[in-house]
Amino acid sequence: MAFSLDTELSDLKVSELLKEVSVDYTKTKRLEDAVAVIRDVLLSLPEEQVKPTAAAAFIKDIGAPGDKLDFKFRKPDSVEIIGSYTLKAAAKPFLNIDLAVRIPKACFHEKDFLNHRYHAKRCLYLVVIKKHLSSCSVVKNIGWSTFQDDARKPILIIHPGEMDNDTANDFVIRIIPTVLAGVFDISKLAPGRNNVRDFQQGGMAQPTPDYNASILEDMFIEDHSAFLKNSLSGSKNFVEALLLLKVWARQRNSINGPDCLNGFIISIILAYLTTEGGGKRITGQMTGFQAFRVVIDFIAISSTLEKGIFMQPQSVGNVSLELVDEAARTLRYMNKCKDKGFEEVFMTRIDFPAKFDYHARIIPVGKDHMKPPNICMDKEHSRVYEKQVELLLSKGLGDRARLVRVLHRSIPANWHIDEGLECLGKVPLLVGILISDFEKAFRMIDVGPSADNKIESAKFRSFWGEKSELRRFKDGIIAETAVWECEHWEKHLIIKKIMEYTLRRHLSLSSQDISIVGDQLDFTLLQGGKDPIASTPTLLDALDVLSKCLRGVEDLPLRISSVQPLDSAFRHTSVFPPMPHPLATDKEKRQYSDILVPTCIQTLEVMIQLEGSGKWPIGEIAIEKTKSAFCLKIAESMQKRWGILYVAAEDAVDLQMAGFAFRLRILYEKDKSLIKKQGLFGVLPVGNLQNTNCVLLEKDLLLRSQHSSMLNGLQGLHPVYGPTVRLAKRWICSHMFSGSLADEAVELLVAHLFVRPFPFSAPCSRVTGFLRFLRLVAYHDWALSPLVVDVNGDLTMKEEGQIMAQFIARRKDSRGESGANNTGPAMYIATPYDWESESWTSFSPDNLSLKRLIAYARSSAELLTRLVGGEVLEGWKSLFRTPLQCYDALILLHRDKLAYPSQILFNADIKQGSLPVTTQEASMDFFPYLSPLVIRKGFQEARNHLLVGFDPVKYFLHDLKTDMPKVFNIWHDAFGSEVIGLTWNKEAPFLKDAAQKRKRKEPDPTNFDVRNILEEVANVGTGLVKTVHLLKSPKYN
C-alpha cells in the first residue's frame, strides 16, 4: 500500500514537472513566422566577394593562412530547423530554435579542411549573414557565441522582436552553419590524420582527431537531426523522457556541458536504446519516467559508453567517469528516497560550490601560450591548458582524490568576433576536487619509489623537486618521499598545499594566480592563532582517567555502573573546546607566570549512573538532595584517594583534574517517568529568554544522553562532521541566534547532511559542509516537511510514515484546525528518540525567529556560493558579521568584563550618530585574566581566584529576563560578542497601554517610558553594560 502511494505521488510530481518545463507549442506561431522571415532573407541573399579582413582577429588567432581564404559568398543551399524544437522537446528555461544554414560546396576548395581554412570561411560566411540580418524587421539584436563551446566554430544568436506571449519571447534563434557530407573526403578526416601542418612534435606530424571531428560534426549534424526526429518524435513518452533527462543534467552543472553531456548526446543515447543496436531497451509502451530510468541505468553500468556509441548515422558519445558516478548515485537515491527520489533527482541543484570538497580558481594571465599562432592546433590551447592542469593535479594528489575536475571554460558573454580568441585564455579556470578517503587524503607523507629504482626515483624527483627527499623507514626500506608537515588541526590544508606547490612548480604560476578554498573560514575557530580542537586528545585522555577513577570508587552505597560524557567537546562539536587550564589541577606542574591565565574555566558535563536500588526516596526534591549527597561523597572519595580537587556547585560537583573541570551529574533510573509526570519531557532550554515555559536542559539528562550516544560515532565515520558543526554553531551565534536554536539542534541539522547527503555524496571539507548547512536551513520546507535525522538507520519506512503523520497532525493543530493554537514546532526535527521534535525545537525557534534565521541563511548561502565559485574574491568575513541596524536597541558591554574576550570576532560597529541612552562605568570586581599580583602570590592563592563555570553575560541575560519579562526579544552571541540586540516585543505591557491611550486620545509619554526601560536594562547589568543605544522607537498599534 505504501509502495503504491509512493508511486502515485512520484508520478504526480513528475507530471507537474513536465508541465512546468514543457513548451506550449500552440503559442509559438509568431515565433515560427519570424523564423520563416529570417529563412526567406537568408535564401535570397545576393552573391558578394568575401575578404579575410572581415574577421581579421579571429582568423589570425586560429592560424589560418590569409592568402587562401578569399571566396564568393553564395546564398545557403538550405535553411532548416534542427534540434529539440523539431522533436517538441525544448525544455524551459533555456529555449532556442536551431537553424541549420547549409553553406554551398562552391564556397570551399577541396583542401579547405587543412589548417583551419574551413573554420575561417565558416566564420566569414556568418559575418556576411549578420550584416544582412541586422536590418531584418523581425530581428531585435544579433550577438556572437560558439557552438558546443568550440571557440573555432562561432554561431549567431538572434533575439527576435517582441512576441505576443511569454513563451515565444523566451526563445532565441541560433544560426548554425553546416555543410554536406560530400564537401570533403571523409577518409582524410579520420582520427589518425594530421590536418594542421604546424602541429608537430620532434619534427613529426601529430594526429589531429579533435580538429577533424570539429569539421565532421558540421558535415553530419543535419543527418543526426533527421535520425533523432525519425527515432523519437513519434512517441510522446520518448519526448517526456528526453525532457526529464535534460532537467536531470541541467541540475548537475559540472556534467552538463560539451565536454561531458549535453542535449544532443542525451538524445543520441535515448535514440540508441530504442534501436536494435541498443537492444531495444526502451519501447513505446514505457512511460517517460521509466524510459528515463533505463537511460540512467545504461549510463551507470554500461561498458558500451567507455568505447562510444556507433550507429547509422555515425555518432560518438564520450562520457566521463564523473557522469557514470552521477548516474550510479541517481539510481541509489531513486531506490532509497521517498517519492522515488523526485526531490533529489530533479529539484536539487548540484552545482560546483556544493558538489566538490576543494575548489581552486586559477588565473592563467600573462602567459605566452595564448598568443597567436599557438591558440589553435588540434584543440584550442585553452583546452590543452585545462587538460594539463587536470593531469598535473591528478598526479600530484594521486589516490588522495577520486576526481579532479577542471570545468570547461566558455567564451565570455557579449564576446564579438573582432576580439579574436585571446580572451578565452584569460578566463579563470575552476577546479573541483572530490577526495577519496580521509586516511589517504590527509596523510602527511607521500611515499615514492625505492631508492634502488633509479628510473622511477628520477621521475619522482623531477615532479616533486625540492619537496622530494630520501627517508629510511622502520622496516629498513629507503624510498623517495614528499613530506607535508603541519599541525594535526591543520591537516585539512594538506590538499591545498599540494595543489599550490604542484601548480607553482609546473605552470610557473604565482601565488596571486592561484586561489584555493580551504582555510578561509578557519579564522572563526582560532584562539591565539591556534585551533583549540588541538587539546581534544588531552581532554579525552583525561576523561579516560576520570572514568577509571569513578568506577574505582568503592565507599558508596551504590556502585557507579556507567560514565557518559555529555558535553559537545567530547564529540568534537564544541566551537571552543577548553584548553587545559594551568590552575585546574592538584598541584603546580609548570610555569605559568609568563602567560595570560584565564579567570574562568568552562565546565564539561559528565553523566554517571548508579546501580539499581529500591531505597531511593519518592519525592522529586528528596531525589535531587540524594543525588547531591552522592555527588559530594564521590568527590570526597576521589580527593581522598587520588587527590582530585573539587568544587561544589548549586546542583552538581565540579572535579578539577588534568587542566579541565568535569561537572558530575547523576541520572536516576526513574527520572524519565518523573519528567513525563510533570509534563516537562523534551522541553528545550537554550537560553531563550522569550520563552517563559522552558525548563533547564540540565534537568533532562536522559535526552542529552540519548543524543550524545546517537552522535558519538558520527565523527569517526565522517571526520569533517565536527568542524562543520563548529562552523555552523559559530555562524548561528555570530548572527545572535544563540537564544533561538539549541546546540543539539544544530548538531542534528549537520548530521542530516552526512547521513542523508543525497543527491550529493557526504561532504569531505568543512567549507562544503558549511555551505550545505546554510542551504538546508534556508531552503528546507519547514512548514510542510519534517526533517528526519536517523544517524544509525533505526527507523523503518513505516515509522518514518508515522512521523510524517504526526507532523501533519501537529501542523493542523498549529493552524487552529483542530482547536489548538501554535502546538507545532516551527522547525520540526525528528529523531529515533524524539518523533515529535519536543526535545530541542519545541518552543524555539518560534515562527518569527525561524523566518529571520532563514533570511540570514539564504543571504549567507548566496554569498558563500559566489565566494567558492570564484565570482567574488572578498567577503569571507562578511559571512559572520551581522548587521546591527536590524535591531531596535543595542546593549554594548565592557569587553574587559567578558569571560572569554579572545573569542570576539569583530569590534562592535554601531552606526555613527546613534547616541547612547545611558553610559556606565566598568566594574573592578572581575577581569577575564588573573592579575600578575595574584599569580605572584603563589599557586594556591591563584586557584582561589579561579571561577568555575562562570560567565557574567549568561547571568546578566538571566536577570534581564527575570526582571523584565515580555518587554523585548533578546538576541545574543554565546561565543563572544560585546553587543546584545533587542527588538521590542509586541506583547509588552507598556506597548499595549500606549495603544489603548492612543485610542482614547490621552497623553502618552512614550519616549520617556522607552528611555526609562533602557536605563533599567543598564542598571540590571551594572558594571558589565557599557552603553545602551536606541535605534528604533517602538511602534504603537
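Worth saying up front: this structure is predicted, and the values here are computed from it rather than measured. (Residues numbered from 1 in each chain as written. Predicted model: local features only at pLDDT ≥ 70, side-chain atom pairs only at ≥ 80, totals over all residues. Heavy atoms only, no water.)

## Quick notes on the sheet that holds strand 10 (residues 358-362)
- Strands sit in the order 11-12-10-16 across an open sheet of four strands; the sheet is antiparallel. The outermost strands of the open sheet, each flanked by one partner alone, are strand 11 (401-406) and strand 16 (514-517). The mean inter-strand angle of the sheet, taken between neighbouring strand axes irrespective of direction, is 15 degrees.
- Pairing of strand 10 with strand 16 involves four bridges; the strand directions are antiparallel. Looking across to strand 16, one finds that I362 is bridged to I514.
- Against the sheet, helix 15 (residues 381-397) touches strand 10, strand 11 and strand 12 (429-435), its axis set at about 160 degrees to strand 11. (Pairing = 2+ DSSP bridges. Helix = DSSP H or I, 4+ residues; strand = E, 2+ residues; numbered from the N terminus. Axes fitted to C-alpha atoms, helices over the stretch in contact; angles between N-to-C directions. Contact = heavy atoms within 4.5 Å.)

## Topic: empty space enclosed by the protein
- This model, assessed by the stated rule, comprises one cavity of 30 Å³ or more.
- Estimated volume of the largest cavity: approximately 40 Å³.
- In terms of lining residues, the largest cavity is bounded by D357, Y358, H492, V517, G518, S765, R766 and V767.
- For the lining of the largest cavity, the per-class residue count stands at three nonpolar, three polar and two charged. (1 Å grid on protein atoms, 1.4 Å probe; cavity = no way out; pocket = protein on both sides within 12 Å on 5 of 7 lines; lining within 4 Å. Points joined across faces, edges and corners; volume = space filled by probe spheres on them. Nonpolar A, V, L, I, M, F, W, Y, C, P; charged D, E, K, R; others polar.)

## Thoughts on the pattern of salt bridges
- As enumerated under the stated definition, the model contains 50 salt bridges in all.
- With a closest N to O distance of 3.5 Å, K19 and E16 form a salt bridge. Pair noted here: K19 and E16 are both in helix 1 (residues 2-21), with a separation of three residues, about one helical turn.
- Among the salt bridges present, the one from E276 reaches K280, with a minimum N-O distance of 3.3 Å.
- With a relative accessible area of 45%, K280 lands in the partly exposed category.
- Within this structure, R252, E322, D325, E326, R329, K355, R402 and R405 form a network of salt bridges that share partners. (Salt bridge = Lys/Arg side-chain N within 4 Å of Asp/Glu carboxyl O. Buried < 20%, exposed > 50% of the residue type's maximum accessible area, 1.4 Å probe, protein only.)

## Describing the sheet that holds strand 19 (residues 603-610)
- Taking strand neighbours across the sheet as the criterion, the five strands line up as 17-19-22-21-20 in an open arrangement whose pairing is mixed. Both outer strands of the open sheet, strand 17 (560-565) and strand 20 (645-648), are each paired with one neighbouring strand and no more. Neighbouring strand axes in the sheet, compared pairwise and without regard to direction, differ in orientation by 30 degrees on average.
- Two elements, strand 20 and strand 21 (residues 653-657), share four bridges in a ladder whose sense is antiparallel. Along strand 21, the bridge assignment pairs L645 with Q656.
- Sheet contacts for helix 20 (residues 620-642): strand 17, strand 19, strand 20, strand 21 and strand 22 (660-667); angle to strand 20, the most-contacted strand, approximately 160 degrees.

Geometry only, nothing functional implied.
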